[in-house]
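Tertiary structure, described
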Amino acid sequence: SQVSFEEESQNLPAVGHWKPLMPSKGDKEEPEGGCQDAGGVDEPQSTEQLNVSRLRSSSVEIREKGSEFLRDELHKAQKELKLKDKECERLSKVREQLEQELEELTASLFEEAHKMVREANTKQAAAEKQLREARGKIDMLQAEVTALKTLVITSTPSSPNRELHPQLQSPSKAGFRKGHGRNKSTSSAMVSAASQNVAPEPVSRECKEVDSILFAEFQAWKESPTLDKSSSFLDRIYREDVRPCLDFTKQELSELVRVAVEQNTLTIEPVASQTVPVGKVAAEECGSPKKCALSGLPRTCKHRIMLGDSGNYYYISPSCRARITAVCNFFTYIRYIQQGLVRQDVELMYWEVMRLRREMSLAKLGFYPSEM
């Protein structure tokens, strides 16, 4: 700025000649003589000196103002620089804080991820353990179900297997059944009396022989079990056992009973003390606790049947109930075979079928357990 000021001062127009303001020592007395001698010439010189002095004073003022302005600008720049330094320092601290927080967050995320992995591994191990235990329980339950199915197949509620359940034997037969003796304290007198009057009968064993024709028909049906009557196996059983066993005096009701047995929609229940329900069928056809609806004979009816969801009950005698139950047991067993629930040898299944056929034949001939 000083250089620019000097350049501006050099560019100013020259007015006269520059003369020193203060006279030299040798010239101290010349102005006085000059003023006295020259007279009017001193006046223009004084004007020039005045102008020069004004110019010098103005240049000094400009220089001072310029230097003061520059100082102010310098102070402002220094203040701004300090502010910039403070802002940079603050931003650097913020950056360091953010970097530290980022490191902490990354570490916490990695720790959380490792924790989740550990928990997932623990849960997976627990789930695999529970799966193994569940599979073991399933195997155990399947074994129990298989055993229960075997019991169901060999002993149904409507016709229990009395060889496997001796508690269901009638008192007259249970005492003389081989392997199932009665209580000696209650039957000693009876046994002694029987031994005095009746001679002991020899124990007879039941002999069995497989019929080749019947067994071949059963084997052919077992290859693709079905409830269709077109197979020779079921056709023979229908002709020889099912139809004769369900052939009652009331032909129309007998046909309805047969259809209900085939469709597995027949219900047998014991007679309670309630009154006879009102149905669409006449009272003579429905029977009564003293008259069988199937045979039409006066009999004491301890059970009644319902066909499907009709809501009509038919009172039946013990003999009719034994015949219906025998046919139901046969159809239940062949349904089990069809559904793959019977896991036995073919010959064992064949003999079970023959046993069920014998029950139907005996029921048709009028033989039935006394508890019916």
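As named in an unreviewed UniProt entry, the protein is R3GEF factor, taken from Lanius ludovicianus. What UniProt states about the protein under its Sequence similarities (unreviewed entry) heading is, verbatim, "Belongs to the SEC2 family."

With that settled, consider the overall build of the protein. Scanning the protein for helices and strands turns up eleven helices and three strands. Reading the protein from its N terminus to its C terminus gives the helix and strand order α-α-α-α-α-α-α-α-β-α-β-β-α-α. Considering the protein as a whole, with its 372 residues, one finds that 23% of them fall into the buried category. Across the protein, the fraction of contacts at a sequence separation of at least 24, relative to all contacts at a separation of at least 6, is 66%. As displayed, the protein has an accessible area near 27200 Å², and 55% of this comes from carbon and sulfur atoms.

Side chains of Glu61, Glu64, Glu68, Asp72, Glu73 and Glu80 sit close together on the surface and give a patch of like negative charge. By secondary structure assignment, the location of glutamate 61 is in helix H3 (residues 42-154).

Right, let's talk about the pattern of salt bridges for a bit. A complete count under the given rule lists 13 salt bridges for this structure. Of the charged contacts in the structure, one is a salt bridge between lysine 93 and glutamate 89, with a shortest N-O distance of 3.9 Å. Of the two residues, lysine 93 and glutamate 89 are both situated in helix H3; the distance of four residues between them amounts to about one turn of the helix. Through salt bridges with shared partners, a single ionic network connects Glu217, Arg236, Glu240, Asp241 and Arg357.

Moving on, we come to the packing of aromatic side chains. Under the defined criterion, the tally for this structure stands at eight aromatic pairs. Arranged with centres 6.0 Å apart and planes meeting at 35°, the rings of phenylalanine 218 and tryptophan 221 form a pair that is tilted. Note that phenylalanine 218 and tryptophan 221 are positioned in helix H6 (residues 212-223) at a spacing of three residues, about one turn of the helix. Overall, the relative accessible area of 0% leaves phenylalanine 218 in the buried class. For tryptophan 221, a relative accessible area of 3% translates into the label buried. Ring centres of tyrosine 238 and phenylalanine 331 lie 6.0 Å apart, and the angle between their planes is 70°; this geometry places the pair in the edge-to-face category. Here phenylalanine 331 lies in helix H10 (residues 318-338) and tyrosine 238 lies in helix H7 (residues 232-245), a separation of 93 residues in the sequence. Note on accessibility: tyrosine 238 and phenylalanine 331 belong to one class, buried. Members of the aromatic cluster, each reached through a chain of ring pairs, are Phe215, Phe218, Trp221, Phe233, Tyr350 and Trp351. Positioned above the aromatic ring of tyrosine 313, the side-chain terminus of arginine 304 is 3.7 Å from the ring centre.

The sheet built from three strands is open, its strands ordered E1-E2-E3 with antiparallel pairing. Among the strands making up the open sheet, the edge pair consists of strand E1 (266-270) and strand E3 (313-316). Taking each pair of neighbouring strands and ignoring which way they run, the sheet shows an average axis angle of 30°. Docked against the sheet, helix H8 (residues 251-262) engages E1, strand E2 (303-307) and E3, running at close to 75° with respect to E2.

Turning our attention to the side chain of arginine 357. Structurally, arginine 357 can be placed in helix H11 (residues 346-364). At a separation of 2.4 Å, a polar atom in the side chain of arginine 357 contacts the side chain of aspartate 241. Ignoring sequence-local partners within four residues, the contact set of arginine 357 consists of Leu214, Arg236, Ile237, Glu240 and Asp241.

This brings us to the nonpolar core. Core analysis: the largest hydrophobic core is formed by 45 residues, its most contacted members being Val257, Leu294, Ile324 and Phe330. For this core, the elements supplying multiple residues, two or more each, are H6, H7, H8, E2, E3, H10 and H11. With residues up to four places along the chain from it excluded, the contact list for phenylalanine 330 reads Leu234, Ile237, Val353, Leu356 and Met360.

Positionally, arginine 304 belongs in strand E2. Using a relative accessible area of 6% as the deciding quantity, one classes arginine 304 as buried. Side chain to side chain, arginine 304 and glutamate 269 meet in a polar contact 2.7 Å long.

Remark: H6 packs on H11, axes separated minimally by 11 Å, with the N-to-C direction vectors making an angle of 115°. One way to sum up the angle between H6 and H11 is to call them roughly perpendicular. Between H6 and H11 lies a crossing of right-handed hand. Contacts between H6 and H11 involve Leu214, Phe215, Phe218, Gln219 and Lys222 on the former and, on the latter, Val346, Glu347, Met349, Tyr350, Val353, Met354 and Arg357. Its residues assigned to classes, the contact of H6 with H11 shows eight nonpolar, one polar and three charged.

The rules behind the values
Residues numbered from 1 in each chain as written. Predicted model: local features only at pLDDT ≥ 70, side-chain atom pairs only at ≥ 80, totals over all residues. Heavy atoms only, no water. UniProt positions renumbered as here; feature names shortened; annotations may be inferred. Helix = DSSP H or I, 4+ residues; strand = E, 2+ residues; numbered from the N terminus. Buried < 20%, exposed > 50% of the residue type's maximum accessible area, 1.4 Å probe, protein only. Contact = heavy atoms within 4.5 Å. Areas by Shrake-Rupley, 256 points an atom, 1.4 Å probe, with all protein chains shown as cover. Patch = residues over 30% accessible without salt bridge, like charges linked within 9 Å, V, L, I, M, F, W, Y side chains within 5 Å. Salt bridge = Lys/Arg side-chain N within 4 Å of Asp/Glu carboxyl O. Lys, Arg positive; Asp, Glu negative; His and termini not counted. Charge placed at Lys NZ, Arg CZ, Asp CG, Glu CD. Phe/Tyr/Trp six-rings, centres within 6.5 Å; stacked < 30°, edge-to-face > 60°. Lys NZ or Arg CZ within 6 Å of the ring centre and 35° of its normal. Pairing = 2+ DSSP bridges. Axes fitted to C-alpha atoms, helices over the stretch in contact; angles between N-to-C directions. Polar contact = N/O pair within 3.5 Å; in protein donor to acceptor, adjacent residues only side chain to side chain. Core = buried A, V, L, I, M, F, W, Y, C linked by side-chain atoms within 4.5 Å. Parallel < 35°, antiparallel > 145°, perpendicular 65-115°, else oblique. Left-handed = near helix turned anticlockwise from the far one by under 90°. Nonpolar A, V, L, I, M, F, W, Y, C, P; charged D, E, K, R; others polar.

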